[in-house]
Amino acid sequence: MDPGFRLRQIRERLGLTYRDVQRASLALARVHTRPQFALHISRLADIENGGVVPSLHKLYALAVVYHLSPLEILRWYDIPLERFLGDAVSFAVPQTHLMESPPYLPSGGQLHPPFIPNYTEFMPRSSAKCRGIENILNSENVHHRYGCIGLHDRRMEPILRPGSVVLVDVSVRRLQETEWSNEYDRPIYFVELHDGYRCGWFQQEGGRLAMQPHPLSRCMPESWKTPDDAEVAGRVVGVVTRLPVRSKVLSRESPESRAHSSKKAL
């Protein structure tokens, strides 16, 4: 529906005339000493009937007078607020910085999953949206699916910790020969088995598909006959994870203890 027509419907439903809106917006402009808040009758008519997009101040004035959320009006004008994080991280900037998490995102943009499976599996896109991560791993690619690393799956820890969410490109159905120089560049794949899934480093030797867990995980390597027992389901192209936070902070050494210390600095 045209945004201007929506605003007109709401005004008429509230029983407000053009002159009522103008009077209220002028009062708002006086309160904040900002003449930009004023909505004159001619401008209001242009917004409702002429397809004119209101400025930020006038949009706020309309929201105040009509008792609407300014964010809701922005959505009417096709401002994709729910995709803010995904759009923002797709444009890199030279300097490291903190980025605000918009309050209108689910759970304030924080990762608070209602349920994390014990074993690694694919998850529906709606579940990713519920967990507040769809905006971080923003992708409308039809070949992308979300996977969750189960709470009992520590094969790729610490790179993929239990509870991590991965974005999987399911159009990649075989291992790709790529150059990699360290463990962070090595391709990670999502593999389907008869009894579940595995996510990690893989290599194929003849008719067998072998998984190499991360050395720090202390898990044993596994292998399966392919394609009878194991099949590549896709390649991981994105990860959202939490880092561990210690419950206790180590206390700093006091100046007195340093004064009596016999250790020498190297």
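Quick caveat, the model's predicted, so the values are computed rather than measured.

Visitor: Whenever I open this one, the packing of helix α1 (residues 3-13) against helix α3 (residues 41-49) confuses me. Can you help?
Guide: In a packed pair of helices, the relevant descriptors are the angle between the two axes and the axis-to-axis distance. At a minimum axis distance of 6 Å, the contact between α1 and α3 shows a crossing angle of 120 degrees. For the element pair α1 / α3, the angle class is oblique. Contacts between α1 and α3 involve G4, F5, L7, R8 and R11 from the first element and L44, I47, E48 and N49 from the second. Class assignment for the residues of the contact of α1 with α3 results in four nonpolar, two polar and three charged.

Visitor: Explain the nonpolar core to me, please; I cannot follow it from the model alone.
Guide: The nonpolar side chains of a soluble globular protein tend to be buried, and buried together. In terms of nonpolar packing, the biggest core is built from 23 residues, with L160, V166, I188, V191, C199 and F202 touching the most fellow members. The next biggest cluster of nonpolar side chains, apart from the first, holds 19 residues, and it includes V21, A63, I73 and W76.

Visitor: What is the right way to look at unusual backbone geometry in this model?
Guide: The phi torsion of most residues other than glycine is negative, and most of the peptide bonds are trans. Note that the residue after E157, namely P158, is joined by a cis bond; omega there is 15 degrees. Mapped onto the secondary structure, P158 falls in the loop between β2 (144-148) and β3 (165-169). Look at the link from T226 to P227: it is a cis peptide, with omega at 5 degrees. Relative to the assigned elements, P227 resides in the loop between β7 (222-225) and β8 (230-240). Positive phi is not limited to glycine here, since T33 has a value of about 50 degrees. One can find T33 in the loop between α2 (18-32) and α3.

The rules behind the values
- Residues numbered from 1 in each chain as written.
- Predicted model: local features only at pLDDT ≥ 70, side-chain atom pairs only at ≥ 80, totals over all residues.
- Heavy atoms only, no water.
- Axes fitted to C-alpha atoms, helices over the stretch in contact; angles between N-to-C directions.
- Helix = DSSP H or I, 4+ residues; strand = E, 2+ residues; numbered from the N terminus.
- Parallel < 35°, antiparallel > 145°, perpendicular 65-115°, else oblique.
- Contact = heavy atoms within 4.5 Å.
- Nonpolar A, V, L, I, M, F, W, Y, C, P; charged D, E, K, R; others polar.
- Core = buried A, V, L, I, M, F, W, Y, C linked by side-chain atoms within 4.5 Å.
- Buried < 20%, exposed > 50% of the residue type's maximum accessible area, 1.4 Å probe, protein only.

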